[in-house]
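Architecture and fold: a report
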Amino acid sequence: MQEPTAHLVTKGTLTLAAQSFGRAGDPPVLLVMGATASMLGWPDAFCAALADRGLRVIRFDHRDTGRSTTLPPGEASYTAEDLAGDILTLLDAFDLPGAHLVGMSLGGYLAQIAARRWPGRVASLTLIASEPLGWDGPDLPGLSEDFLAHFGALGTLDWVDRQAVAAFLLETERLCAGPDFDAGFEAARIDHILDRTESPASMFNHATMSVAEDWTGAFRRIECPTLVVHGEGDPILPLPNGEALAEGIPDAALMVLPGTGHCLPARHHAAIARRIAAHIRGA
C-alpha cells in the first residue's frame, strides 16, 4: 500500500494536519471525520481502496485532534460552521476549485453545511452514518442507552492515566461497532491516536460546539449528487437518520450496510469504495 503524503495547512493561528493518497491529477476526495475523531478514523486500507480506484484522497485532523491546533479542554469556542469552514481552508490550500466530500457522522453534517454554503466548491456528497442538516420532521432516534451510560463516566476519567484513557476509548469503539468490533485493530489504532496528541481530553471540546445559524430544512435544499451510506444497526445515529437524509435530499441514493454499526468495518471497505467511486464518476 502506498504511503500517504503528509501536509500541514495553516491559516492565521490555525494549523490543520492532513495526508493525501493517490495521484494529484485524479478527482479529489476530501474525507471529513466525525466528532472527537482525528484523520485516523479513516482506516488506511479504506483510503487506499479509494485511491486504487483512481481518486486523490485527502484526510485531515479536526481541530483539537491529532496534530492540528489543539486548545486546552473546555477552552474552545468554535462553531459547527467554523469546522465546516476548515473544509474550504483545505480546498484552498490544495489549490482545488472543488472536491467530492465524504463525511462520516458529524463530518457528514459539516459536509452538508459546506454544500449549502459553497455549492460551487462541492462536486458531490457521500454521507456515512450521518444525520440531516436542519431536520424538520418528527424526532429521529439517537444515542443508545448503553452509549449514554458509558459517557456518563467521562467526568471521572483520569486523563493522565494513559491505560485508563485507552480503555475508555476502546469501550467507546466497541459500543459503536457492535458485531464488527475488532479489539486488536482498535487497540492499536487508539495507541496511535494517543501518540499523536498531547491533550487527548481536548477531543471532547467538540461536545461543547454550538451551531450558530438556523439550518432548518437545509438538507432538502442540497443540489449536488448525494450518496447516503448507513449501517443497519447504527447505535449512535440509527438507520432512520440515513433514511431521512436519502428521502429528503433530491435524487439521493441509499446504501444500507447489513449488520453494521457506527463504523467502517474492513469487510465493507471494497464495496463502499466501489460505490463511492461510481458515484463520483457519475456526478
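Throughout what follows, the structure given in this document is the object of discussion. (Residues numbered from 1 in each chain as written. Predicted model: local features only at pLDDT ≥ 70, side-chain atom pairs only at ≥ 80, totals over all residues. Heavy atoms only, no water.)

Re the overall build of the protein
Stated precisely, the cut-off is as follows: Per the convention used, a helix needs a DSSP run of H or I reaching at least four residues, while a strand needs a run of E reaching at least two, with both numbered from the N terminus. All radius of gyration figures rest on C-alpha atoms, and the globule criterion is 2.2 Å times the number of residues raised to 0.38. Three exposure classes are used, based on accessible area relative to the maximum for each residue type with a 1.4 Å probe and protein chains only: buried under 20%, partly exposed in between, and exposed over 50%. Residue contacts follow a heavy-atom distance rule, with two residues in contact if any of their heavy atoms lie within 4.5 Å. Each accessible area value is a Shrake-Rupley result obtained with a 1.4 Å probe; residue values ignore everything except the protein chains displayed when judging cover. Only four residue types enter the charge count, namely Lys and Arg as positive and Asp and Glu as negative; His and the chain termini do not. Here the site of a charge means NZ on Lys, CZ on Arg, CG on Asp, or CD on Glu.
Scanning the protein for helices and strands turns up eight helices and eight strands. Its C-alpha atoms give the protein a radius of gyration of 18 Å, within 12% of the compact-globule value 19 Å for 283 residues. For the protein, the spread of C-alpha atoms along the three principal axes comes to 50 × 40 × 40 Å. The proportion of buried residues among the 283 residues of the protein is 55%. For the protein, the proportion of contacts with a sequence separation of at least 24, taken over those separated by at least 6, is 74%. Summed over all atoms, the accessible surface of the protein reaches about 12100 Å², with 52% contributed by carbon and sulfur. If the 20 positive side-chain charges of the protein are averaged to one point and the 35 negative ones to another, these points end up 8 Å apart.

A look at the pattern of salt bridges
Where we set the bar: Any carboxyl oxygen of Asp or Glu within 4 Å of a side-chain nitrogen of Lys or Arg constitutes a salt bridge here.
Following the criterion strictly, the structure yields 13 salt bridges and no others. The shortest N-O distance in the salt bridge between aspartate 61 and arginine 196 comes to 2.7 Å. Here aspartate 61 is found in the loop between strand 4 (56–60) and helix 2 (80–93), whereas its partner arginine 196 is found in the loop between helix 6 (183–195) and strand 7 (226–231), with 135 residues between them in sequence. In this structure arginine 196 comes out as buried when scored by relative accessible area, which is 7%.

As for unusual backbone geometry
Here aspartate 64, not a glycine, exhibits a phi torsion of approximately 70 degrees, which is positive. Residue classification places aspartate 64 among the buried residues on the basis of a relative accessible area of 1%. In this structure, aspartate 95 takes a positive phi of about 55 degrees despite not being glycine. With respect to the element layout, aspartate 95 can be found in the loop between helix 2 and strand 5 (99–104). For aspartate 95, a relative accessible area of 66% gives the class exposed.

Comments concerning the packing of helix 1 (residues 44–51) against helix 8 (residues 269–282)
Applied cut-off: For every element, the axis is a line fit to its C-alpha atoms; helices are fit only across the contacting stretch, and the angle between N-to-C directions ranges from 0 to 180 degrees. Between 65 and 115 degrees an angle is taken as roughly perpendicular, under 35 as roughly parallel, over 145 as roughly antiparallel, and anywhere else as oblique. Throughout, a crossing is termed right-handed when the near helix is turned clockwise from the far one, and left-handed when it is turned anticlockwise from it by less than a right angle. All amino acids are sorted into three groups, where Ala, Val, Leu, Ile, Met, Phe, Trp, Tyr, Cys and Pro are nonpolar, Asp, Glu, Lys and Arg are charged, and the leftover types, Gly among them, are polar.
Running from N to C, helix 1 and helix 8 point in directions that differ by 40 degrees, and their axes come no closer than 9 Å. On the basis of their axis angle, the class for helix 1 and helix 8 is oblique. For the crossing formed where helix 1 meets helix 8, the hand is right-handed. Here helix 1 contributes Ala45, Phe46, Ala49 and Leu50 to the contact with helix 8, which in turn contributes His269, Ile272, Ala273 and Ile276. Here the contact of helix 1 with helix 8 is composed, by residue class, of seven nonpolar, one polar and no charged.

What about the nonpolar core?
Put simply, the rule is: Definition used in this section: a nonpolar core is a set of buried Ala, Val, Leu, Ile, Met, Phe, Trp, Tyr and Cys residues joined via side-chain atoms within 4.5 Å.
Residues Leu30, Leu90, Leu101, Leu110 and Leu125 are the most contacted members of the largest nonpolar core, which totals 42 residues. Only strand 2 (14–21), strand 3 (28–32), strand 4, helix 2, strand 5, helix 3 (106–117), strand 6 (122–128) and helix 7 (239–248) provide two or more residues apiece to this core. Considering each element in turn, this core owes the most residues, seven residues, to helix 3. Each residue touching leucine 125, except ones within four places of it in the same chain, is listed here: Leu101, Ala111, Gln112, Ala115, Ile222, Cys224, Pro225, Thr226, Leu227 and His279. Listed in part, the 27 residues of the second largest apolar core include Phe21, Trp42, Ala49 and Leu257.

Some thoughts on the pairing of strand 3
To keep things clear, this is the line we draw: At least two bridges found by DSSP between two strands are what make those strands a pair. The handedness rule is simple: strands pointing away from the viewer, and a clockwise path from the first strand over the helix to the second, make the crossover right-handed.
Burial analysis of strand 3 places five of its five residues in the buried class, which makes it a mostly covered element. Burial of the side chains of strand 3 extends over both faces: Pro28, Leu30 and Val32 are buried on one face and Val29 and Leu31 on the other. Summarising the sheet, strand 3 and strand 4 pair through four bridges and their orientation is parallel. Looking across to strand 4, one finds that leucine 30 is bridged to isoleucine 58. Running through helix 1, the crossover from strand 3 to the neighbouring parallel element strand 4 is right-handed. Where strand 3 and strand 5 come together, four bridges link them in parallel fashion. What sits directly across from valine 29, in strand 5, is histidine 100.

Shape is all these values report; function is a separate question.
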